[in-house]
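Observations on the model geometry
The lines below spell out each chain.
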Amino acid sequence: MKFRTMTSLVALAATAGVSISATAQDGAPDDQVVSVYERTRSDYTAPGARSGSFIFNPTIDAGARYNSNIFARRAGPTATSPGEVDDLIWAIKPGLTLSSDWNQHSLQLFANADVARYTDNSREDYEDFNLGANGRFDLERGMNINWGVNYSDLHEDRGAPDTNGLQAEQTRFERFGANIGFVRDQSILSLAANLRYQNFDFTNPDLLGGGVLDNTQRNREKFSGDVRVGYELDEYYDAFVSLSANRVEYDDSQATGGPQRNSDGWEARAGASFDLTGTSRGEFFVGYISQTFDNDRFGDIDDFTFGAQLLWNPTGLTSVNLGVQRLIQETIVVDVDANNGLAFASGILATTYSVGIEHELQRNFLVKAGASYATNSFENTVRDDDLYTATFGGKYLLNRNLSLNANYNWDYRNTTAVGQDFKRHVFMVGLTAQW
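Residues numbered from 1 in each chain as written. Predicted model: local features only at pLDDT ≥ 70, side-chain atom pairs only at ≥ 80, totals over all residues. Heavy atoms only, no water.

By convention here, two paired aromatic rings are described through the distance between centres and the angle between planes. Summed over the entire model, instances satisfying the criterion amount to 18 aromatic pairs. Seen in terms of ring centroids, Tyr237 and Phe274 are 6.3 Å apart; in terms of plane orientation they differ by 40 degrees. Their pairing is tilted. Linking Tyr237 in strand β10 (residues 237–250) with Phe274 in strand β11 (residues 263–276), this pair joins segments that are 37 residues apart in sequence. Residue class for Tyr237 comes out partly exposed when judged on its relative accessible area of 36%. Ring geometry for Phe365 and Tyr396: centres 6.1 Å apart, planes at 70 degrees, overall edge-to-face. (Phe/Tyr/Trp six-rings, centres within 6.5 Å; stacked < 30°, edge-to-face > 60°. Helix = DSSP H or I, 4+ residues; strand = E, 2+ residues; numbered from the N terminus. Buried < 20%, exposed > 50% of the residue type's maximum accessible area, 1.4 Å probe, protein only.)

With that settled, consider the pattern of salt bridges. Under the criterion given, the structure shown has 24 salt bridges. Arg39 is the salt-bridge partner of Glu360, the closest N and O atoms lying 2.2 Å from each other. Of the two residues, Glu360 sits in strand β17 (residues 347–362) while Arg39 sits in the loop between α1 (2–12) and β1 (49–51), which places them 321 residues apart along the sequence. Assigned by exposure class, Glu360 and Arg39 land together as buried. For Asp125, the salt bridge identified is with Arg117, shortest N-O distance 4.0 Å. (Salt bridge = Lys/Arg side-chain N within 4 Å of Asp/Glu carboxyl O.)

Summing up the model confidence of the chain, the mean pLDDT is 90 and the portion of residues at 70 or higher is 91%. Here residues 2–25 scores under 50 on pLDDT; set against residues more than four positions off or in separate chains, the count is 93 contacts. (pLDDT = per-residue confidence, 0-100. Contact = heavy atoms within 4.5 Å.)

Now for a nonpolar patch on the surface. A cluster of nonpolar side chains, Ile188, Leu189, Val227, Val229, Tyr231, Leu233, Tyr236, Tyr237 and Val241, forms an exposed patch at the surface whose accessible area comes to about 770 Å². Secondary structure elements with two or more residues in the nonpolar patch: β9 (220–232) and β10. At three residues, the largest contribution of residues to the nonpolar patch is made by β9. Within the secondary structure layout, Tyr231 lies in strand β9. Classification of Tyr231 by relative accessible area gives partly exposed; the value is 42%. (Patch = residues over 30% accessible without salt bridge, like charges linked within 9 Å, V, L, I, M, F, W, Y side chains within 5 Å. Areas by Shrake-Rupley, 256 points an atom, 1.4 Å probe, with all protein chains shown as cover.)

Attention now moves to a negative patch on the surface. Together, Glu174, Asp201, Asp251 and Asp252 make up a negatively charged patch on the protein surface. Note that Asp251 resides in the loop between β10 and β11. On the accessibility criterion, Asp251 (53% relative accessible area) is exposed. (Lys, Arg positive; Asp, Glu negative; His and termini not counted. Charge placed at Lys NZ, Arg CZ, Asp CG, Glu CD.)

Below, the structure written as structure tokens:
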């Protein structure tokens, strides 16, 4: 089980379902825990186009969504803000993957895009795209080297902490990432080690009334690595310890008079993972997290950390996902200090609690619901945010190639920052085609 459980957790955060019946998990191994939304259904799954030892899978989503507050503003007009503005957005999302079908090793190439057009606010139109590759080189049974590379050109959500409420357009950013890792999962002792690199480059959006927001101070790169050692307690349970470290370097965080933001960090964890055949899988841990800044005025961010992910099958048609996560995020937010002077946030200590459920009403009719609560503490300032979200959705599978989707999202930010509260409702309907 070991690192099979660990790597599966990446998918758990975005899913909320499992089935335990053999008929419900069509095409899945008997011991595999599979989400209701992710499980294979042979009569509703596109086979893809084979070319030699590769399989080509193109997809396209097309639909519309109504957003009650596209600028993530506080309700009610003020002298500096017109308040909430709604709009109808038309979007299309093409994507493709090219995956190897080899007995040993693996290679996958992927590309996708998200293109949106606003009915009444064309300056909010965007064209995002993401492309990359990943692979695995098998050294021997239970031992491999894995790697990945990814490039994205994206827009930042209007409700993001570092977004300025006076922007006339969205902030766009480019993100490049690369990683390489080693996994040894043999006998009762297992080992995983990873190295990662990320680079962020932000645009300078226009401001209302003229001028631009200089985001040069946000451009940065991050180097990180981690090592995890696991011990198999029995067939279903592993204990593990892990240690990670990072270095964050800004290109010029003082470009607009701000402070130096370079920092070093580390995190130590101890916990356990489990994989109960056809029933549930998950992981939980406790530890300590720290980020130390080159700039002495920031001090350090130090705190206990904890986390958990559980994917559970209460019935053959229903699944539940529970999650807890704590991490340190980068920010350039400027708030006030205890004496009402300017205070530069060193980072965000973010803790998120989430719950989700998925259910199969019929073989081709799926529904889901979820909720989350997060606390964001802006260190070195008095600002604290409480973030609430709720989601509801459904999917109707028409055949192997087509499905209908409908979703509703609600999010609310309650913050100590003056005038930064907002609520937002988003309704979405769409059609997905796959081959």
